[in-house]
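# Summary of the model geometry
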Amino acid sequence: MNSLRLIYRLPLLLLQLLALPLALLASVPPLPRLKLAGRGLDQIMESWWTATVCRIFGLRIVTTGQLRDGASLVVANHISWIDIPLLYSLGPMGFVAKAEIDGWPLAGFIARFGGSLFHDRGSHDSARTVLAAMMERLEQGRRVTIFPEGGILPGNGVKPFHARMFAAAADSGAVVQPLMLRYVKDGRHYRDIGFRPGESFMANFFRLLTQPVRLAEVAILEPFEAAGQPRKELAKAAQTAIAEAFNEGLLP
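Residues numbered from 1 in each chain as written. Predicted model: local features only at pLDDT ≥ 70, side-chain atom pairs only at ≥ 80, totals over all residues. Heavy atoms only, no water.

Here we take up the overall build of the protein chain. Within the protein chain one finds nine helices and eleven strands. Dimensions of the protein chain, computed from the C-alpha atoms along their principal axes, are close to 55 × 50 × 35 Å. Per-residue burial over the protein chain gives 50% buried out of 252 residues. Of the contacts made within the protein chain by residues no fewer than 6 positions apart, 75% connect residues no fewer than 24 positions apart. When the accessible area of the protein chain is evaluated, it comes to approximately 12000 Å², of which 59% is carbon and sulfur surface. (Helix = DSSP H or I, 4+ residues; strand = E, 2+ residues; numbered from the N terminus. Buried < 20%, exposed > 50% of the residue type's maximum accessible area, 1.4 Å probe, protein only. Contact = heavy atoms within 4.5 Å. Areas by Shrake-Rupley, 256 points an atom, 1.4 Å probe, with all protein chains shown as cover.)

What follows is the structure, encoded as structure tokens:
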């Protein structure tokens, strides 16, 4: 079955890549000013293109809740590189992503296409630059998304959140909106989607491309005010909300 899935999914993915210029064209002025149901044409095309990529990889997206309009720091747990196109399918995100992603095929391009900010982990200069860019976007009333676990880490469940990037919300007065991601099959967590020990990006890419259909569940949780709050408290509150939602409603 894996070989059969690759036979029909790989050509579909290549066709979707050929359709990319249409999605990019929608971001060329004045086309973004064209709106349908309150959404710009560029946003519609970006959501369509990334959602189709997810579907080609066998994901069926189920979303609850609604993203807040305006300045918000969206905070999500991180399981797989495919989290990036999954979240872009929901709307404009402006990710903060680790610098390595910029060099990954497809995932790196999608991140650049969506206007991601790339951060060199462990570099204080990079962190200051990214925080300044986050502040600027939030002060413009835009949405910024972070994965505060600090990367795709081994093990199951929601990992501890690093607090540094929460300073952008506290200092700008933006709200924090937690967002829970999980992959589900047969009513249980589908865990074989992240990197296996020693697995390269390309090996994981093709393994995910051949996997059976599974649900990608996104719970967009209630936002909370961040202005003037300690960043460690903001990180803890977001982590707790996401961790509580992560196992809710699934079989043990």
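Before going further, it helps to spend a moment on the confidence of the model for the protein chain. Overall, the prediction assigns the protein chain a mean pLDDT of 89, with 94% of residues at 70 or greater. No element of the protein chain has a lower mean pLDDT than helix α5 (residues 107-113), which averages 69, and none a higher one than strand β10 (residues 214-220), which averages 98. (pLDDT = per-residue confidence, 0-100.)

The next subject is helix α9 (residues 231-246). The end-to-end C-alpha separation of α9 is 22 Å, in line with the 22 Å expected for 16 residues at 1.5 Å each. Leu-234, Ala-235, Ala-238, Gln-239, Ile-242, Ala-245 and Phe-246 are the residues of α9 that are buried. The arc that holds every buried residue of α9, seen down its axis, measures 135 degrees, which confines them to one face. Of the exposed residues in α9, the ones pointing more than 90 degrees away from its buried face are Lys-232, Lys-236 and Glu-244. Buried positions along α9 lie against β4 (72-76), α7 (167-172), β8 (175-185), β9 (188-189) and β11 (224-225). (Expected span 1.5 Å × (residues − 1). Arc of directions from axis to C-beta.)

Where helix α1 (residues 2-18) contacts helix α3 (residues 41-56), the axes come no closer than 10 Å and their chain directions differ by 170 degrees. Between α1 and α3, the interaxial angle falls into the category roughly antiparallel. Within the contact between the two elements, α1 uses Arg-9, Leu-12, Leu-13, Gln-16 and Leu-17 and α3 uses Trp-48, Trp-49, Thr-52, Val-53 and Ile-56. Here the contact of α1 with α3 is composed, by residue class, of seven nonpolar, two polar and one charged. (Axes fitted to C-alpha atoms, helices over the stretch in contact; angles between N-to-C directions. Parallel < 35°, antiparallel > 145°, perpendicular 65-115°, else oblique. Nonpolar A, V, L, I, M, F, W, Y, C, P; charged D, E, K, R; others polar.)

Here we come to the side chain of Glu-149. Checked against the element boundaries, Glu-149 lands in the loop between β7 (143-146) and α7. For the buried Glu-149, no salt bridge is present, and the opposite-charge side chain at shortest range is Lys-159, 4.7 Å distant. Within the structure, the side chain of Glu-149 is placed 2.6 Å from the backbone nitrogen of His-78, a separation counted as a polar contact. Each residue touching Glu-149, except ones within four places of it in the same chain, is listed here: Asn-77, His-78, Gly-157, Val-158, Lys-159, Pro-160, Phe-161 and His-162. (Lys, Arg positive; Asp, Glu negative; His and termini not counted. Salt bridge = Lys/Arg side-chain N within 4 Å of Asp/Glu carboxyl O. Polar contact = N/O pair within 3.5 Å; in protein donor to acceptor, adjacent residues only side chain to side chain.)

β8 sits mainly inside the fold: ten of its eleven residues count as buried. Note: β4 against β8, five bridges, orientation parallel. When the bridges of β8 are listed, Ala-76 appears paired with Leu-179. In terms of strand pairing, β8 meets β11 through two bridges, oriented antiparallel. When the sheet's bridge partners are listed, Val-175 is paired in β11 with Glu-225. Of the strand pairs in this sheet, β8 and β10 are connected by six bridges, and their pairing is antiparallel. Within the sheet, the bridge partner assigned to Tyr-183 lies in β10 and is Ala-216. Here two bridges tie β8 to β9, and the two strands are oriented antiparallel to one another. Within β9, the residue paired with Val-184 across the bridge is His-189. (Pairing = 2+ DSSP bridges.)

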